[in-house]
Amino acid sequence: MTFDLASAPIVFLAWERGLALPEDSLLAGADGTRINHATNDPSLTFLRLWDKSVLTGPAELLAAAESLDDDELSDHATLLRLTRDAGGRSLGTAALYYADDLELHQPDHTVHVSTGEADVAALEALCPPDDVNDVGLARLAHKCTIMSSAEPDAAPLACSAYGEYQGLLAPLGTLVAPEFRRQGMGRLATSIAAHEALAAGLIVQLSADVNNAPAHSLATSLGLSVAGLQTRVSLPSPQSPHK
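Notes on the structure follow. (Residues numbered from 1 in each chain as written. Predicted model: local features only at pLDDT ≥ 70, side-chain atom pairs only at ≥ 80, totals over all residues. Heavy atoms only, no water.)

## So, the pairing of strand 6 (residues 142-147)
(1) Moving on: Counting buried residues along strand 6, five of its six residues qualify, which places the element largely inside the surrounding structure.
(2) Moving on: Relative to strand 7 (residues 156-162), strand 6 is paired through six bridges, and the arrangement is antiparallel. Its bridge partner being in strand 7, Ile-146 is matched across the sheet by Ala-158. (Buried < 20%, exposed > 50% of the residue type's maximum accessible area, 1.4 Å probe, protein only. Helix = DSSP H or I, 4+ residues; strand = E, 2+ residues; numbered from the N terminus. Pairing = 2+ DSSP bridges.)

## Considering the layout of surface pockets
(1) Moving on: In this structure, the largest pocket spans a volume of roughly 1,500 Å³.
(2) Moving on: Forming the walls of the largest pocket are 41 residues, and the residues nearest its centre are Val-135, Thr-174, Ser-207, Asn-212 and Ala-215.
(3) Moving on: Secondary-structure elements contributing two or more residues to the lining of the largest pocket are strand 4 (89-99), helix 7 (129-135), strand 8 (169-176), helix 8 (185-199), strand 9 (203-209), helix 9 (213-222) and strand 10 (225-234).
(4) Moving on: For the lining of the largest pocket, the element with the most residues is strand 8, which contributes six residues.
(5) Moving on: Residues belonging to the lining of the largest pocket are distributed by class as follows: 18 nonpolar, 15 polar and eight charged. (1 Å grid on protein atoms, 1.4 Å probe; cavity = no way out; pocket = protein on both sides within 12 Å on 5 of 7 lines; lining within 4 Å. Points joined across faces, edges and corners; volume = space filled by probe spheres on them. Nonpolar A, V, L, I, M, F, W, Y, C, P; charged D, E, K, R; others polar.)

## A closer look at empty space enclosed by the protein
Where empty space is left can be seen by rolling a probe of water-molecule size over the atoms.
(1) Moving on: Under the defined criterion, the tally for this structure stands at one cavity of 30 Å³ or more.
(2) Moving on: Lining the largest cavity are Leu-102, Glu-103, His-105, Arg-187, Ser-191, His-195 and Leu-222.
(3) Moving on: In terms of residues, the lining of the largest cavity owes the most to one element, helix 8, which gives three residues.
(4) Moving on: Split into classes, the residues belonging to the lining of the largest cavity amount to two nonpolar, three polar and two charged.

Now the structure itself:
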């Protein structure tokens, strides 16, 4: 058991803060009743966590989605249709995994870990730009890079990093050098970063695009528990209206 449902209120609180929802609205919300929260943010976001669901975005889009059920809103194609005239751009649908405890597996060999930014940059230079952008290590403050040795000229093999969301959750991101993929390096790096986050008093969160089979495999192999999903569409900002 890697996530105790007694910790769910902490996850709810983080998302309430992040989505600017009224306090306790997720925790106290009636089962099966979606929360619609109008905002001025240039995005339309559908979030499902356990038996709670939230749709946030411009009021006119919330009204247009009123007749749609949660399964329909989980599909990014639905949100794209809703925002077509507003210039919506899909940011995809991601499954959300959580852990408030993880079993510690000691590797059978010495692992050399760097926390330096230069080693992260060296790793990113080895990887396709799309992978670098998707993982977004630069956005995550706490980095753990597995190195090939302890020597000054050691090469980076994989990096996992975590940030802090609302001071409660630790979003994870992992990048592995192409030459060392499918060798367990990503799992090892993610495990190290996840345990660092747990030791800092945070709940681990891993977001995996629904079409990213390796990411789902990584989450389940570590023992993280799936709790829901997030579907997002970005909209042009008021300063840059869609034409």
